[in-house]
Amino acid sequence: GYELEGQWVIDGESAMLEKGTGGIRLPFTAKQVNLVMGSKVPVNIEVYVDGVLHKQVVVQSHDLYNLVDMPEYGSHVVEIRFLEPGVSAFAFTFG
């Protein structure tokens, strides 16, 4: 399962970081990790794979964001760090 860090509001469809900074930690076995997210204002996030910074993303409109694109299929841990509040996270997809 996943772990949330920070102050999140969770409803039937999404989790929204309400204030401050926060994160989502998720073990996965795949080559790609995507997350449907959206925000009314631009929010910066950092994506770590196995503790190493993998990429930085700016979440703006509601869309499917590619967070991880590994060279090979394997088991890893992704940590998504939200540097500002306001992002709603809906659903992960894997490839």
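Before reading on, note that the structure itself is shown above.
What you are looking at is a predicted structure, and each value in this text was computed from that prediction instead of being measured.

(A) Summary view of unusual backbone geometry. Non-glycine residue D50 carries a positive phi angle of around 55°. In this structure, D50 sits in the loop between β3 (43–49) and β4 (52–59).

(B) Here's a closer look at the nonpolar core. Grouped together as the largest cluster of nonpolar side chains are 25 residues, with contacts concentrated most on M37, I45, L67, V68, I80 and F82. Among the secondary structure elements, those contributing two or more residues to this core are β2 (15–38), β3, β4 and β5 (63–82). With nine residues, the single largest contributor to this core is β2. The residues contacting I80, other than those within four sequence positions of it, are G22, G23, I24, L35, I45, E46, L67 and F92.

(C) Spatial organisation of the packing of aromatic side chains. For the coordinates displayed, the defined rule picks out two aromatic pairs. Between W8 and F82, the ring centres sit 5.3 Å apart and the planes meet at 85°, which makes this aromatic pair edge-to-face. With W8 in strand β1 (residues 3–10) and F82 in strand β5, this pair connects stretches of sequence that are 74 residues apart. The two residues W8 and F82 agree in class, both being buried. A ring pair is formed by F92 and F94, whose centres lie 6.1 Å apart and whose planes are at 15°; its orientation type is stacked. Looking at F92, the relative accessible area reads 24%, which means it is partly exposed. Seen from the ring of Y48, R81 lies directly overhead, with NZ or CZ sitting 3.9 Å from the centre.

(D) Structural detail: the layout of surface pockets. Considered as a void within the structure, the largest pocket measures approximately 200 Å³ in volume. Lining of the largest pocket is provided by 13 residues; of these, Y2, S14, A15, A89 and F90 occupy positions nearest its centre. Contributing elements (two or more residues each) for the lining of the largest pocket: β1, β2 and β6 (88–94). For the lining of the largest pocket, the element with the highest residue contribution is β6, accounting for four residues. Counted by class, the lining of the largest pocket contains 10 nonpolar, one polar and two charged residues. Quantified by volume, the second largest pocket comes out at close to 150 Å³. Around the second largest pocket, the lining residues are E3, L4, E5, T21, G22, G23, I24, R25, E79, I80 and R81. Elements with a minimum of two residues in the lining of the second largest pocket: β1, β2 and β5. Tallying contributions element by element places β2 first for the lining of the second largest pocket, with five residues.

Rules of the game
- Residues numbered from 1 in each chain as written.
- Predicted model: local features only at pLDDT ≥ 70, side-chain atom pairs only at ≥ 80, totals over all residues.
- Heavy atoms only, no water.
- Helix = DSSP H or I, 4+ residues; strand = E, 2+ residues; numbered from the N terminus.
- Core = buried A, V, L, I, M, F, W, Y, C linked by side-chain atoms within 4.5 Å.
- Buried < 20%, exposed > 50% of the residue type's maximum accessible area, 1.4 Å probe, protein only.
- Contact = heavy atoms within 4.5 Å.
- Phe/Tyr/Trp six-rings, centres within 6.5 Å; stacked < 30°, edge-to-face > 60°.
- Lys NZ or Arg CZ within 6 Å of the ring centre and 35° of its normal.
- 1 Å grid on protein atoms, 1.4 Å probe; cavity = no way out; pocket = protein on both sides within 12 Å on 5 of 7 lines; lining within 4 Å.
- Points joined across faces, edges and corners; volume = space filled by probe spheres on them.
- Nonpolar A, V, L, I, M, F, W, Y, C, P; charged D, E, K, R; others polar.

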